[in-house]
Amino acid sequence: MKRMHILVSFFALGVVIVLGMFLLSPRQTQAQGLAGSPEQQAAQAHLEEGYPKLQANIQFLRLSIPGQTMGQTVGVATNSKGHVFVYSRTVNQGMARGGKAAMLWEFDDKYKFVKEWGPNNYAASFAHAVRVDKSDNVWQVDEGSGMIVEYDPEAQHIFWLGRTPEAVDYLQGNLEVLHFSGINPPAKNPHPTGRVGTFDRETDVAFDSQNNIFVSDGYGNSRVVKISPDGHWLKELGTWGHDQDQFSTPHGIAVDAQNNVYIADRGNRRIQVYDDNLTYQKTISGIGAPWSLCVTNTTPQYMFTGDGATGKIFKMDMTGKVVGMFVTGQDHGEENTGDLVHALDCRNPNTVFIGSATMWDVQKVTLK
């Protein structure tokens, strides 16, 4: 009888979880918010009337991998040699605890496949971003595993942050719920604050001139974290909300030559700017909902940001003034929920690489 009671309890809890996932799926809960309210869309359209329109030559790169499908190219970056790195959601195991749905690939400057980085990687679960630092080290940001892995230019992993949740964590957590609360789990905090040493679906990584590491964290937590080059957590900032120093899905991050930190506060339709010690400086708006950011390596520098729901890319000077815009991915995906721009890479002001979860490809955009 006791065993039957436990089985029934697990079944009931499973039904609750499945129904909750169906009723509160990301597609349904975010569909109304990613593109903004009708009022926000109208205000944005009015601003865009005054933005210069850039002439953009959009090239879909013919990337192919032996024995694999390109999949969702959610992470794209380039190194100093012009090689392209793609962190993609595609593998035949699917996304699950203990499985993986992510692969990291390198292509040369002619866009020919070179190799996979970190094969059978414990931290590769559900891809979100890839970045290349000034030393050509490659950083893999994995939302599913809660880990960030650094590789040297020879593809040897040399540093990692975060921790992959074990399958037993899920089981243990539900056993505790059943033990202490029967089959009625206590209300879960929908907006946790996070703790030192672990991420909750982190989204991006950036670096200052002293090699300090900045992480936008992320979907679960609503904060930015500053970490020393040797892995000490120096500072964290942010809770969920809509005020200054609060975030609603910090989805991307970048650092300029003056060590200012730019955080794509997607749900709040703004970029919050901080100094190197994460002291607030200003807010940039009028660029839709920013999904990704990149800053050029040139003098002067420029910043690009992309609204994934609309496919609009905005080029700004470092004051936040929009100096031009163009649109990509039109007629792909659902209207206003297309995930058309998930990753941006820009080493110079006239060339932008775009990764997209919807179009399963990498775009190289040359601005005229």
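Below is a short write-up of the structure. As the structure is a prediction and not an experimental result, all values here were calculated from the model. Here, residues in each chain are numbered from 1, in the same order as that chain's written sequence. It should be noted that, the model being predicted, local features are given only for residues of pLDDT at least 70 and side-chain atom pairs only at 80 or more, the latter also being counted only at that level, while totals for whole chains, interfaces and linings use all residues. Computation of side-chain values: all heavy atoms of the structure, hydrogens and water removed.

1. Focus: the state of the cysteines
We call a pair of cysteine sulfur atoms a disulfide when they lie within 2.5 Å. Tallied over the full model, the rule gives one disulfide. The partner cysteine of Cys294 in its disulfide is Cys346, sulfur to sulfur 2.2 Å. Residues Cys294 and Cys346 are joined through a disulfide that is right-handed, its torsion about the S-S bond being 130 degrees. Separated by 52 residues along the polypeptide, Cys294 in strand E20 (residues 290-295) and Cys346 in strand E24 (residues 343-348) bring together distant segments of the chain. Judged by its relative accessible area of 4%, Cys294 falls in the buried class. Burial classes: relative accessible area under 20% of the type maximum marks a residue as buried, over 50% as exposed, and values in between as partly exposed (1.4 Å probe, protein chains only). Take Cys346: its relative accessible area is 3%, and that puts it in the buried class. Only DSSP runs of H or I with at least four residues qualify as helices, and only runs of E with at least two residues qualify as strands; both kinds are numbered from the N terminus onward.

2. Examining empty space enclosed by the protein
With a 1 Å grid spanning the protein atoms alone, the term cavity applies to any set of points in which a 1.4 Å probe fits but cannot get out, the term pocket to an open set with protein on both sides within 12 Å along at least five of seven lines, and the term lining residue to any residue with an atom within 4 Å of a point. Grid points are joined across faces, edges and corners, and a volume is the space filled by probe spheres set on the points. The tally for this structure, following the rule as stated, stands at one cavity of 30 Å³ or more. As a volume, the largest cavity reaches approximately 80 Å³. Taken together, 15 residues line the largest cavity, and the ones lying closest to its centre are Ala129, Arg131, Asp204, Ser292 and His342. Among the elements of the structure, strand E2 (72-78), strand E6 (127-132), strand E10 (202-207), E20 and E24 are those that each provide at least two residues to the lining of the largest cavity. Counting residues per element, the lining of the largest cavity draws most heavily on E6, at four residues. Looking at the lining of the largest cavity residue by residue, the class counts come to seven nonpolar, six polar and two charged. Asp, Glu, Lys and Arg are counted as charged, while Ala, Val, Leu, Ile, Met, Phe, Trp, Tyr, Cys and Pro are counted as nonpolar; the rest, among them Gly, fall into the polar class.

3. Comments concerning the sheet that holds strand E9 (residues 157-162)
Note on pairing: two strands pair once DSSP finds at least 2 bridges between them. In space, the four strands of this open sheet follow the order E6-E7-E8-E9, with antiparallel pairing throughout. Sheet topology places E6 and E9 at the edges, where each strand pairs with a single neighbour. Ignoring which end each strand starts from, the neighbouring axes of this sheet average 15 degrees apart. Taken together, the five bridges between E6 and strand E7 (residues 138-142) define a ladder with antiparallel strand orientation. Residue pairing for E7: Ala127 is matched across the bridge by Asp142. For helices, the fitted line uses only the C-alpha atoms of the stretch in contact; every axis is such a line through C-alpha atoms, and the angle between N-to-C directions lies from 0 to 180 degrees.

4. Thoughts on the side chain of Asp307
Position of Asp307 among the secondary structure elements: in strand E21 (residues 302-307). Despite its burial, Asp307 remains without a salt bridge, the nearest opposite charge being carried by Arg269 at 4.7 Å. Polar contacts, as used here, are pairs of N or O atoms within 3.5 Å; protein pairs need one atom able to donate a hydrogen and one able to accept it. Residues neighboring in sequence count only if both atoms are side-chain atoms. Of note is the side chain of Asp307, whose polar atom sits 3.0 Å from the backbone nitrogen of Ala289. Only four residue types enter the tally: Lys and Arg on the positive side, Asp and Glu on the negative side; His and the chain ends are excluded. What makes a salt bridge here is a side-chain nitrogen of Lys or Arg within 4 Å of a carboxyl oxygen of Asp or Glu, nothing more.

Nothing here speaks to function; it is all geometry.
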